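Spelled out from the first residue to the last, the chains are:
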Amino acid sequence: GRAVSTLEEWCKELATIPLEFQPGTQWRYSFGHDVVGRIMELVVGKDLERIFEDRIFKRVPMKSTGFTPGDVEKLASIHEPTAQGGLRSLRRPFQKSHA
């Protein structure tokens, strides 16, 4: 797929991907948390970054927590299995570049 820059665009892209199997027949990690984030954006009327900032990060002393931390080394990676039995690091398509 093409690169996307917002959670809205990413969820629209996800909606075009066919299911790998029928729900309830198998289990696999997914981007379901991204879809829940998009639902939160629609309900609250703000982007997810602003929701987290306003409702979580500002209310508790989380000074270096956020969607776009200044220190690239603090970013978590998503991984998927390789055919050889190892893991490969993925980057979310809507994640801002910090290079």
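Counting restarts for each chain, with residues numbered from 1 along the sequence as it is written. The predicted origin of the model limits local features to residues at a pLDDT of at least 70 and limits the giving and counting of side-chain atom pairs to 80 or more, whereas totals for whole chains, interfaces and linings rest on all residues. With hydrogens and water set aside, each side-chain value is computed from the structure's full complement of heavy atoms.

Asker: Looking at this structure, how should I read the pattern of salt bridges?
Answerer: If charged atoms from side chains of opposite charge come close, those side chains can pair. Put simply, a salt bridge is a Lys or Arg side-chain nitrogen that is within 4 Å of an Asp or Glu carboxyl oxygen. In total, this model carries eight salt bridges according to the counting rule given. Its salt-bridge partner being Lys 58, residue Asp 54 comes within 3.8 Å of it at the nearest N-O pair. Here the term buried applies to any residue with accessible area under 20% of the maximum for its type, exposed to any over 50%, and partly exposed to those in between, with areas from a 1.4 Å probe on protein chains only. For Asp 54, a relative accessible area of 23% corresponds to the partly exposed category. Using a relative accessible area of 57% as the deciding quantity, one classes Lys 58 as exposed. The residue Arg 88 makes a salt bridge to Glu 80 at a minimum N-O spacing of 2.0 Å. Residues participating in the shared-partner salt-bridge network are Glu 8, Lys 12, Arg 38 and Glu 41.

Asker: Looking at this structure, I do not really get the pairing of strand β1 (residues 78-81). What am I missing?
Answerer: On a regular strand, one side chain projects to one face of the sheet and the next to the other, so that they alternate. Of the strand pairs in this sheet, β1 and strand β2 (residues 87-90) are connected by four bridges, and their pairing is antiparallel. Of the residues in β2, the one forming a bridge with His 79 is Ser 89. Two strands qualify as a pair provided that DSSP identifies no fewer than 2 bridges between them. Secondary structure follows DSSP: runs of H or I at least 4 residues long count as helices, runs of E at least 2 residues long count as strands, and numbering of each begins at the N terminus. Between β1 and β2, which pair antiparallel and follow one another directly, the connecting turn spans five residues, one of which, Gly 85, has a positive phi of 90°.

Asker: Help me understand the environment of Asp 34 in this model?
Answerer: Mapped onto the elements of the fold, Asp 34 is located in helix α2 (residues 32-44). Classification of Asp 34 as buried rests on a relative accessible area of 4%.

Asker: I would appreciate a short explanation of the nonpolar core in the present structure.
Answerer: It is characteristic of soluble globular proteins that their nonpolar side chains tend to be buried jointly. Put simply, buried Ala, Val, Leu, Ile, Met, Phe, Trp, Tyr and Cys residues joined by side-chain atoms within 4.5 Å make one nonpolar core. Core analysis: the biggest nonpolar cluster contains seven residues, these being Val 4, Leu 7, Trp 10, Cys 11, Leu 14, Leu 48 and Ile 51. Secondary-structure elements contributing two or more residues to this core are α1 (7-14) and α3 (48-57). Of the residues forming this core, the biggest block, four residues, is contributed by α1.

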